[in-house]
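Okay, here's what each chain looks like letter by letter:
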Amino acid sequence: MKKIKYLLVFVLLTLSLVLASCQPAAEAPAEPAVVPEEPAVVPEEPAVVPEEPAEEIPADSQLEIFSWWTAGGEAEGLNAMFEVYSALYPEVEIINATVAGGAGANAKAVLATRLQGGDPPDSFQVHAGLEVEKYEPSTYLQPIDDLLDPAVFPQDLLDLLLYEGHYWTMPVNIHRSNVLWYNPKLLEENNIAVPTTMEEFFAACETLEAAGLIPIAMGTKDGWEGAHVFESFLPAALGADGYRGLWTGEVSWNDPGVTQALEDFLTMMEYVNEDHSALTWDAAGEYIIADQAAFMIMGDWAAGWFASKGYADFGWAPPPGTDGIFVALSDAFSLPKNAPNEQAAIHWLEVAGSKAGQEAFNPAKGSICARIDCDNAAFEVVPETYLYLTSAAEDWASDAIVPSVVHGAAAYESWATDFKDVITLFVTSGDVARTQSDLADLCVAAGICQ
Ligand code: GAL
């Protein structure tokens, strides 16, 4: 009789753990260690089984969201999504845990330390693509296959999100890495047409420089921005397939196209503001707003930033040589194992993946929805980004889509980090041959090239 009672308690406890974890039933046995081995220590009363384990959020529950979105546009977008969440779950206190530094320059290290120390936030920002490997999904994350509806996301994105047979993160947007922002007033005053080739670009820069202007605004303070710009120069020289091949081993890093990209990048650096190493990407953008600089190559979060400054006069084009090529990335949110407020985090992912959440977030962020069913009209709420985002959506539908490396899509984080470091060094050394050989070595070290 006692044995039967133990068995019943055991079964009920196991059942409650399965329900509370909100994972597919098949995942439940993955953590058998938490089931008490000694039935004697288990209270005998089945009353300990929570009555509504899966759905009830305690009134005092919190939700800690970890990201690096502190710049204008980024912060507004995140807040807009928080508002959607709070309208649904007013009892949950949101803790906005940000670590400043574009592209996660500082946040990623803080996050890794927290995960290793057993102190995960309830959800954190990860790029769609191979970046997720950095967070050892099988150790630190829960799959979200049950939360992500593949029918509402484009296939290109789903391909990026699937890692080791599971979806681990909920995508909130699609960003474009390769955008040439420009100040139309300065171009017009100097009789410059928007350049489409490197030759035209550098000729325009000569004219602007002669007029006493900064041709290209750039900040390299956080150590990723040079590599970010270079990621536009690679497809310019190699085309979409050539660029893709660099990350799959089908195209050699010793290819003359890479030499060309490095040389063009070096030429471009001659036209950049002298204080670039002291400025972040957004601080450099002030030169555009102040009519002191004409061009800036940066991802389209810059549109959100311009909007946050009330600046709507910017123009945009693909950087020279990349017409028809969309270097893509996507921001997404994870569900860590042992998230302190797991149910609140699950609801966060539901909001982040929802039409309402994405329509609130993206107009301010300067990105298009990850979902395929957002209404263009919803983007009118931020007039400064509306026209740009309408054109970005069109390009996303028609361009060749290639993955960003600096923002987590194309390569494992370790390779992407080394890539950034090599280009940061190149910004000061200007040594083309050495840099190209270092880049080739990185591909070998990553196990992709022979
Ligand atoms: C990227 C991120 C964008 C934007 C940018 C600058 O890595 O995907 O959402 O925040 O960094 O911080």
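Note that the structure is a prediction, hence the values are computed from the model and not measured.

Asker: So what's going on with the overall build of the protein? Which residues, and what values?
Answerer: Per the secondary structure count, the protein includes 16 helices and 15 strands. Every one of the 450 residues in the protein was classed for burial, and the buried ones make up 48%.

Asker: Go over the confidence of the model for the protein with me, naming the residues and quoting the values.
Answerer: Taken as a whole, the protein shows an average pLDDT of 90; of its residues, 87% reach a score of 70 or greater. Every residue in residues 1-51 scores below 50 in pLDDT, and together they form 35 contacts with partners more than four places removed in sequence or on other chains.

Asker: Describe the packing of helix H9 (residues 256-269) against helix H16 (residues 432-445), listing the residues and the values that go with them.
Answerer: Between H9 and H16, the shortest axis-to-axis distance is 10 Å and the interhelical angle comes to 130 degrees. Taken together, the axes of H9 and H16 are oblique relative to one another. Helix-helix and strand crossings are classified by hand; for H9 and H16 the assignment is right-handed. Residues Val 258, Thr 259, Leu 262, Glu 263 and Leu 266 of H9 touch H16, and the partners they reach there are Val 432, Thr 435, Gln 436 and Leu 439. Partitioned by chemical class, the residues of the contact of H9 with H16 number five nonpolar, three polar and one charged.

Asker: Lay out the site of the ligand with the relevant residues and their values.
Answerer: Lining the immediate surroundings of the ligand are 13 residues, of which Gly 102, Ala 103, Trp 301, Asp 331 and His 407 lie closest. Looking at the shell around the ligand residue by residue, the class counts come to five nonpolar, six polar and two charged.

Asker: Account for the pairing of strand S2 (residues 93-98), with residues named and values stated.
Answerer: Bridge count for strand S1 (residues 62-67) against S2 is six bridges, and the pairing is parallel. The residue bridging Ile 65 from the neighbouring strand is Asn 96, located in S2. Assessed by its sense of winding, the connection that carries the chain from S1 through helix H2 (residues 74-88) to S2 is right-handed.

Asker: Report on unusual backbone geometry, specifying residues and quantitative values.
Answerer: For Ala 103, which is not a glycine, the phi torsion comes out positive at approximately 60 degrees. Here Ala 103 shows up in the loop between S2 and helix H3 (107-116). Phi angles above zero are rare outside glycine, and Asn 338 is one such case at about 60 degrees. Tracing the backbone through its elements, the reader meets Asn 338 in the loop between strand S13 (331-334) and helix H12 (342-352). A tally of 11 C-beta atoms within 10 Å means that Asn 338 is categorised as exposed.

Cut-off values and rules
Residues numbered from 1 in each chain as written. Predicted model: local features only at pLDDT ≥ 70, side-chain atom pairs only at ≥ 80, totals over all residues. Helix = DSSP H or I, 4+ residues; strand = E, 2+ residues; numbered from the N terminus. Buried ≥ 20, exposed ≤ 12 C-beta atoms within 10 Å, placed from the backbone. pLDDT = per-residue confidence, 0-100. Contact = placed C-beta atoms within 7 Å. Axes fitted to C-alpha atoms, helices over the stretch in contact; angles between N-to-C directions. Parallel < 35°, antiparallel > 145°, perpendicular 65-115°, else oblique. Left-handed = near helix turned anticlockwise from the far one by under 90°. Nonpolar A, V, L, I, M, F, W, Y, C, P; charged D, E, K, R; others polar. Near = placed C-beta within 6 Å. Pairing = 2+ DSSP bridges. Right-handed = clockwise from strand over helix to strand, strands pointing away.

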